[in-house]
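Examining the three-dimensional arrangement
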Amino acid sequence: DLSLNANLLEAARQDPKAVLTALGRRPVTTLADGNCFYASLSHGVGGSSLDKNAALEQRRMLLFQFERELSNTGPDRDARVSAIAGNTQAVSIDAVKRTMGQGLDGGAVNADGWGGPDSLALAAMHHQRPVVSVSDQSTRIYNTDGSFTEFQPDQQSGLIDAFKALKEPIVLKNSGFH
């Protein structure tokens with residue numbers, strides 16, 4: 001039952017995770033090694049493991065998806081790449097590639113390699129499922145075309161309505177919430 005009462009909405013204004021908890025999501029713990037976003041993503045799409053190998057496989061798949069988007073010759077190519085990289089300038093495209101590629105050579109992942117808006121857009125595109133990103137500042141729903149809708153803490157009722165309409169969303173929080 002996805003009906004929500006006023007007390008839950010008030011709790012959601014204080015802690016955005018409260019809405020998602022009420023919708024049946026559960027927290028999982030991931031290793032904070034720079035691959036935590038990708039490990040959570042792997043788990044969120046049905047993987048049973050939260051380990052580094054599962055995370056690196058997600059990195060590979062998202063990097064492959066980005067390369068596919070870059071090679072797309074369709075009329076929506078620029079819009080889709082812009083949704084990922086912010087613009088179509090080479091420096092931004094190279095930055096996304098560097099971010100996605102961290103750790104694939106066995107090296108360490110630094111803060112530049114953590115999952116961010118580009119990773120979230122690519123995850124929605126690759127898995128063809130909406131990705132919900134929960135933070136203390138706002139909640140974003142990334143669509144399968146890479147675009148997103150953002151909800152501020154005072155917009156929780158809109159978030160709830162939007163969440164109810166999603167089919168098989170992948171829900172992520174900094175702490176591996178899905």
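Before any of the text, the structure's been laid out above.
Cut-off values and rules
Residues numbered from 1 in each chain as written. Predicted model: local features only at pLDDT ≥ 70, side-chain atom pairs only at ≥ 80, totals over all residues. Heavy atoms only, no water. Helix = DSSP H or I, 4+ residues; strand = E, 2+ residues; numbered from the N terminus. Buried < 20%, exposed > 50% of the residue type's maximum accessible area, 1.4 Å probe, protein only. Areas by Shrake-Rupley, 256 points an atom, 1.4 Å probe, with all protein chains shown as cover. Pairing = 2+ DSSP bridges. Axes fitted to C-alpha atoms, helices over the stretch in contact; angles between N-to-C directions. Contact = heavy atoms within 4.5 Å.

1. As for the overall build of the protein
For the protein, the helix and strand inventory stands at eight helices and four strands. Along the protein, helices and strands appear, N-terminal first, in the series α-α-α-α-α-α-α-β-β-β-α-β. Within the protein, the proportion of its 178 residues that are buried is 45%. A total of about 8,900 Å² of accessible surface is found on the protein, and carbon and sulfur atoms cover 49% of it.

2. Structural notes on the pairing of strand β1 (residues 131-134)
Taking every second residue as pointing to the same face, both faces of β1 are buried, with V131 and S133 on one and V132 and V134 on the other. Strand direction decides the pairing type here: β1 and strand β2 (residues 139-142), joined by four bridges, are antiparallel. Bridging across to β2, V134 finds its partner in T139. Pairing of β1 with strand β4 (residues 170-173) involves four bridges; the strand directions are parallel. When the bridges of β4 are listed, V134 appears paired with K173.

3. Brief notes about the sheet that holds β1
Taking strand neighbours across the sheet as the criterion, the four strands line up as β3-β2-β1-β4 in an open arrangement whose pairing is mixed. Sheet topology places β3 (148-151) and β4 at the edges, where each strand pairs with a single neighbour. Ignoring which end each strand starts from, the neighbouring axes of this sheet average 15° apart. Packing against the sheet, helix α7 (residues 117-127) makes contact with β1, β2 and β4, and its axis sits at approximately 40° to β2.

4. Observations concerning helix α3 (residues 36-44)
The buried fraction of α3 is high, at eight of nine residues. Remark: G46 follows α3 within two positions and exhibits a positive phi of approximately 110°.

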